[in-house]
Amino acid sequence: MTAPHGFSVSRYAPERGTLAKLTARDSVLRRLDWPILLSALALSFIGALLVWSATRGRTELNNGDPYYFLFRHVLNTGIGVALMIGTIWLGHRTLRGAVPVLYGLSVLLILAVLTPLGATINGAHAWIVIGGGFSLQPSEFVKITIILVMAMLLAAKVDAGDQLHPDHRTVAKALALAALPMGIVMLMPDLGSVMVMAVIVLGVLLASGASNRWVLGLIGAGIGGAVLVTALGMLDEYQINRFAAFANPDLDPAGVGYNTNQARIAIGSGGLLGSGLFKGSQTTGQFVPEQQTDFVFTVAGEELGFVGAGLILVLLGVVLWRACRIARETTELYGTVVAAGIIAWFAFQSFENIGMTLGIMPVAGLPLPFVSYGGSSMFAVWVAIGLLQSIRVQRPMTA
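Just so it is clear, the structure is predicted and the values come from calculations on it, not from any experiment.

Criteria and thresholds
- Residues numbered from 1 in each chain as written.
- Predicted model: local features only at pLDDT ≥ 70, side-chain atom pairs only at ≥ 80, totals over all residues.
- Heavy atoms only, no water.
- Helix = DSSP H or I, 4+ residues; strand = E, 2+ residues; numbered from the N terminus.
- Contact = heavy atoms within 4.5 Å.
- Areas by Shrake-Rupley, 256 points an atom, 1.4 Å probe, with all protein chains shown as cover.
- Axes fitted to C-alpha atoms, helices over the stretch in contact; angles between N-to-C directions.
- Parallel < 35°, antiparallel > 145°, perpendicular 65-115°, else oblique.
- Nonpolar A, V, L, I, M, F, W, Y, C, P; charged D, E, K, R; others polar.
- Core = buried A, V, L, I, M, F, W, Y, C linked by side-chain atoms within 4.5 Å.
- Buried < 20%, exposed > 50% of the residue type's maximum accessible area, 1.4 Å probe, protein only.
- Left-handed = near helix turned anticlockwise from the far one by under 90°.
- Expected span 1.5 Å × (residues − 1).
- Patch = residues over 30% accessible without salt bridge, like charges linked within 9 Å, V, L, I, M, F, W, Y side chains within 5 Å.
- Salt bridge = Lys/Arg side-chain N within 4 Å of Asp/Glu carboxyl O.

Caption draft 1: How the structure looks around the overall build of the protein chain. Helices and strands together make up the secondary structure of the protein chain, namely 16 helices and 3 strands. Of the contacts made within the protein chain by residues no fewer than 6 positions apart, 72% connect residues no fewer than 24 positions apart. With the model as given, the accessible surface of the protein chain reaches about 18400 Å², and the carbon-plus-sulfur share is 68%.

Caption draft 2: Broad picture of the packing of helix α8 (residues 168-186) against helix α9 (residues 191-208). Taken N-terminus to C-terminus, the directions of α8 and α9 make an angle of 170 degrees; their axes are 9 Å apart at the nearest point. Classified by the angle between their axes, α8 and α9 sit roughly antiparallel to one another. Of α9, the residues touching α8 (which contributes Val171, Leu175, Ala178, Met182, Val185 and Met186) are Leu191, Ser193, Val194, Met197, Ala198, Val201 and Leu205. Looking at the contact of α8 with α9 residue by residue, the classes come out as 12 nonpolar, 1 polar and no charged.

Caption draft 3: Representation of the nonpolar core in the model. Judged by nonpolar contacts, the single largest core of 95 residues is most densely connected at Met150 and Trp345. The contact partners of Trp345, leaving out residues within four places of it in the chain, are Lys143, Ile144, Ile147, Val196, Ile200, Ala380, Val381 and Ala384. The next biggest cluster of nonpolar side chains, apart from the first, holds 6 residues, and it includes Ala266, Val288, Met356 and Val363.

Caption draft 4: Here's a closer look at the packing of α9 against helix α15 (residues 333-358). Following both chains from N to C, one finds α9 and α15 inclined at 145 degrees, their axes separated by 8 Å at the closest point. For the element pair α9 and α15, the recorded crossing hand is right-handed. Between α9 and α15, the contacting residues are Met195, Val196, Val199, Ile200, Gly203, Val204, Ala207 and Ser208 on the first element and Leu333, Thr336, Val337, Ala340, Gly341, Ala344, Trp345, Phe348, Gln349 and Glu352 on the second.

Caption draft 5: Representation of helix α12 (residues 258-269). For α12, built from 12 residues, the straight-helix expectation of 16 Å at 1.5 Å per residue is met to within 8% by its first-to-last C-alpha distance of 16 Å. What α12 keeps buried is the set Thr260, Asn261, Gln262, Ala263, Ala266 and Ile267. Buried positions along α12 lie against α13 (281-284), α14 (296-329) and α15. Once α12 ends, the next one or two residues include Gly271, with phi positive near 65 degrees.

Caption draft 6: Expanded view of a nonpolar patch on the surface. A cluster of nonpolar side chains, contributed by Val101, Leu102, Leu105, Leu108, Leu111, Leu114 and Leu187, occupies part of the molecular surface with about 630 Å² of accessible area. Relative to the assigned elements, Val101 resides in helix α6 (residues 92-113).

Caption draft 7: Highlighting the side chain of Thr55. Topologically, Thr55 is positioned in helix α3 (residues 34-55). The class of Thr55 is buried, set by a relative accessible area of 1%. Contact partners of Thr55, with chain neighbours within four places excluded, come to Asn62, Phe69 and Gln292.

Caption draft 8: Representation of the pattern of salt bridges in the model. Counted by the stated rule, this structure contains 6 salt bridges. In this structure, Glu140 engages Lys143 in a salt bridge whose closest nitrogen and oxygen atoms are separated by 3.1 Å. Residue Glu140 and its partner Lys143 are located together in helix α7 (residues 138-159), separated by 3 residues, close to a single helical turn. Each of the two residues, Glu140 as well as Lys143, counts as buried. Residue Lys157 pairs with Asp167 through a salt bridge whose shortest N-O separation is 3.8 Å. Residue Lys157 is located in helix α7, and its partner Asp167 is located in the loop between α7 and α8; the two are separated by 10 residues in the primary sequence. Using a relative accessible area of 23% as the deciding quantity, one classes Asp167 as partly exposed.

Caption draft 9: How the structure looks around unusual backbone geometry. Unlike most non-glycine residues, Asn63 shows phi in positive territory, near 55 degrees. Mapped onto the elements, Asn63 comes out in the loop between α4 (59-62) and α5 (68-90). Since its relative accessible area comes to 65%, Asn63 is described here as exposed.

Here it is as structure tokens:
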């Protein structure tokens, strides 16, 4: 049979079939959560501009190449998106079976940090230098591992229909498995990452339906642990100074309080619309330390103003809102718990990062998800987006 104008129907039908498959109601593309994906991409794009502004004049950091950090941030984002696609392709249910292996690898990696392979960057002995200007921060991936291993244990019997809620024995096992990598990270010491992991554990427990006694006990243990760590002198001097500066912002403004004071000056000077990209006096004058990583939000506040900084908050809010929707709509406890752990992670880390630049939270050395420069953190948050997308894609279709 010949189509009008002499085109063969059989020759062109496969193309229409492929397009139909891609746009079908049950296709992966149609089932993706596009708001969360586009918001994460927008945050990474804004982050690239902010990192570029913060580093283009830092010749001691960029080796004379003003595009050095911009290129690497875009590259990290590209690798992160590729990891997201790989995670969606594998699926969170397939990864569920690989959790023991992933957990073992994570523990080995953070143990390697405590060996001569480890390196100290910005006061934290939390890195492994790979070479070629690249380094790895294993604690970023431990956040994902803790979520997955706890979700696997807490949801196993519930999803199988044997229990309505995780029993005490299962909760104890899950907490023990989470405590091991957290204890190792504490030895580095990387207090900021431990804080995030503790919030993740709390979020996972709340979502799993575990007894409230475990939640209250965990909060009490956290408070007691903080007192014990301080009493035993396990914190480094720079960490103690950070908390001292938070408690008293006027304490040594040229020393321990310098970062916070300069960050607040930068954000406050931006006003409503900001001074314009690449035109911030605090940024171009290099007054704010670590501005491409921990204090990247100060670039947004100064150069993009309240509007630009507010846009970042809105985009982060969209990511959290859609993640909450994914957690609520999934039919399996495993997916709900994984999504809840990611929500707790993103919410607390964003609040802590932005809060420390405003002086309402202590400086903890945590990056702003998707925005701050850093390969390990970028890879980890995009894998988390892949897990959220997988949970949405693999949920049963509704009529």
